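Here is what each chain is made of, one letter per residue.
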Amino acid sequence: MNRILIVHLKRFGDLISAGQTISAIKAKHPHSEVSLLCFEEFSSVARLIPGLKKTYTISRNTLLTLSNGKLYNTGFALEELRLRLMPLIESPWDKIVNLTNDLASAHLCSWISCHDLNVSIEGVCVDEYGLAVSSNSWASVFNDVLPQAGLNSPFNFRDVWAKMLDLSDQGIAPLLTNPRNEETVNRNFQSLRRGGIKVIGIQATCSIEDKGLGAELVARLAEEISTDGHRPVLLIAPNESEREFASQILEQIEYQPIVVESDFTALSSVVRNLDLLITPDTVTKHFADAHGTACVEISLGSSPVFKQATMNPKSVLLSAKDRDFSQVSVDDILSAVTFCLNNGKTGLELAQQATAYRPVKIADTTAYQVIGGSYNQDDEFNRHATSALILKMNQNDDEFVNDYALLAIKAATSAKSFTNWIEQTKEQSALTMKDVLHAIRALLQMSENPRKSAEFIESLDRLFANTEYLLPANVAVHFFKSKVECLPPSSFQQNTKSIEELLFKLKSDLQHTMNLLSQWHTLWTESKFESRKQRQSALTQESL
């Protein structure tokens, strides 16, 4: 029987999202024992993940106290960490899966496995040379590419985990619920649904202030939902701060919505039994995704837009152009609510500062199609093209490229905007290719005369400067850079040969970019030609 350890050292929401990935690992290896390592303060979530054999924890608060306190030195913190990890180090693991993308977790996974060289590590770890290395190209996407994507991420974290581990987490058992909570919530909500009324949950607060909704907006939202004949339910955590916030809301409206106070265990049952959830909080949204509950996710402030967005095709993602909650109005949210309750059969009417997206499935990944509001067209084109290129480079499959192209074309408001973007991206790709060819020439000169190494290093620096942002023209350079940084110490001749191979692979990948742009331009021309034919046909029919 294989023993698998999942290392997840992130926050509540990330761990809830990882729950379905962990369940998929268990489904793929049904006869294995799967255990989890997480931070102690988030261990309550682990009890909701089905199939876990055991949960190990690290007390982050204790480590911070020991490392930062004036009474202690760093040695106390290291000793505390060693004692916490000893049961893990002494256990005979067959595989360690790192679902955290930072250097600390990479060192941790390597340390746990150091007593047995046969332990395989999926994700990022540290090799014998002290270099952070990824287990495969999708692990590199998770650890090296996505962190550079900013708000316009080409993939959701969970999709990348599934690709990295060769999993399918679709249809996987949702998070566990407490049977008593489940029975109580289901009974109470069913009584509220009499006469076809929908029960709509509103989670207004977040752990990070700039991501939350204001009391005035929530009060108006609850009032409008009740006016439409539905039953709003305010969801709050069991603490004085959120109780006070709920009181501020109730003071502003005549209609008194139901207030449901619940911890994480109970929240799982509450969200599961809602008809729709409205939330700016990624934690609650992850519960909704796990249970298949449709939601209107409002992405504001510092919240990542697409990296952790809802993956449910029945849901809608609302984002503000300048990430300020004042730019998402009650009318925007109500329009998205109506859209979800009617299964997308009604239109969306949004203000100029809000954008709405809907998740769609392409190549077992989640893409986000803009369906209303105001948006930056180049951002849409860049995101879809980057997704298509990463899939092409990692899977060598052109089948899905047209699907991403159609999403980009639908986001175009004019022929000029799309063709201009193609030309600009071609120019950027040509400049990147020029830097690659210069690096190849400098490498060949250095191989003949090692004294010319300075010119080659300068050419690499110029090439790496292309990785400040993630764009279609430089996505291949991100992969190249991560591979160069993982090259082990070796002889001059061996390193020269390895870099030469990587540079020619980069040249080939950049050609994929140029081919994709040409292919998308052809699709654009064909789609506009087909649209003209359809319009002419419709006019002909009308005249008859």
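Up top is the structure these notes are about.
Residues numbered from 1 in each chain as written. Predicted model: local features only at pLDDT ≥ 70, side-chain atom pairs only at ≥ 80, totals over all residues. Heavy atoms only, no water.

1. Remarks on the sheet that holds strand β9 (residues 231-236)
Now for step 1: Ordered in space as β10-β9-β8-β11-β12-β13-β14-β15, the 8 strands form an open sheet in which the pairing is mixed. Looking at the sheet topology across the chains shown, the edges are occupied by β10 (258-261) and β15 (365-373). Going across the sheet, the axis of each strand differs from the next one's by a mean of 25 degrees, ignoring polarity.
Now for step 2: When strand β14 (residues 354-362) meets β15, the two strands line up antiparallel, connected through 8 bridges. Considered in β15, the bridge of threonine 355 is made with glycine 373.
Now for step 3: Sitting on the sheet, helix α9 (residues 215-227) touches β8 (199-202), β9 and β11 (276-279), and the angle it makes with β8 is about 180 degrees. (Pairing = 2+ DSSP bridges. Helix = DSSP H or I, 4+ residues; strand = E, 2+ residues; numbered from the N terminus. Axes fitted to C-alpha atoms, helices over the stretch in contact; angles between N-to-C directions. Contact = heavy atoms within 4.5 Å.)

2. Points about the nonpolar core
Now for step 1: Leu37, Phe418 and Trp520 are the most contacted members of the largest nonpolar core, which has 134 residues in total.
Now for step 2: If we ignore the near neighbours within four places in the chain, the residues touching leucine 37 are Leu5, Ile6, Val7, His8, Leu9, Tyr56, Thr57, Ile58, Leu85, Leu88, Leu108 and Ile112.
Now for step 3: Formed by 35 residues, the second largest nonpolar core is a distinct cluster that contains Ile202, Leu234, Val330 and Ala336. (Core = buried A, V, L, I, M, F, W, Y, C linked by side-chain atoms within 4.5 Å. Buried < 20%, exposed > 50% of the residue type's maximum accessible area, 1.4 Å probe, protein only.)

3. A few points about the packing of helix α16 (residues 415-448) against helix α17 (residues 453-464)
Now for step 1: The contact between α16 and α17 brings their axes to 8 Å, and the two run at 160 degrees. Here α16 is positioned roughly antiparallel relative to α17, judged by the angle of their axes. At the point where α16 passes α17, the crossing takes the left-handed sense. Packed against α16, whose contacting residues are Thr432, Asp435, Val436, His438, Ala439, Ala442, Leu443, Gln445 and Met446, the element α17 presents Ser453, Glu455, Phe456, Ser459, Arg462 and Leu463 at the interface.
Now for step 2: Taken together, the residues of the contact of α16 with α17 break down into 7 nonpolar, 5 polar and 3 charged. (Parallel < 35°, antiparallel > 145°, perpendicular 65-115°, else oblique. Left-handed = near helix turned anticlockwise from the far one by under 90°. Nonpolar A, V, L, I, M, F, W, Y, C, P; charged D, E, K, R; others polar.)

4. Considerations on the layout of surface pockets
Now for step 1: Of the voids in this model, the second largest pocket is the one considered here, and its volume is about 460 Å³.
Now for step 2: If you list the elements that add at least two residues to the lining of the second largest pocket, you get β13 (316-320), β14 and α14 (377-395).
Now for step 3: Looking at which element gives the most residues to the lining of the second largest pocket, the answer is α14, with 4 residues. (1 Å grid on protein atoms, 1.4 Å probe; cavity = no way out; pocket = protein on both sides within 12 Å on 5 of 7 lines; lining within 4 Å. Points joined across faces, edges and corners; volume = space filled by probe spheres on them.)

5. As for the sheet that holds strand β5 (residues 120-122)
Two modes of strand pairing occur in sheets, parallel and antiparallel, and in both the strands are linked by backbone hydrogen bonds.
Now for step 1: One open sheet holds the 5 strands; their spatial order is β3-β2-β1-β4-β5, and the pairing between them is parallel. Of all the strands in the sheet, the pair left with one neighbour each is β3 (52-58) and β5. Strand after strand, the sheet turns through a mean of 20 degrees between neighbouring axes, direction not considered.
Now for step 2: Of the pairings in the sheet, the one linking strand β4 (residues 95-98) to β5 comprises 3 bridges and is parallel in character. Along β5, the bridge assignment pairs valine 97 with glutamate 122.
Now for step 3: The sheet contacts of helix α5 (residues 103-112) involve β1 (3-7), β2 (33-39), β3, β4 and β5, and relative to β4 the element is tilted by about 175 degrees.

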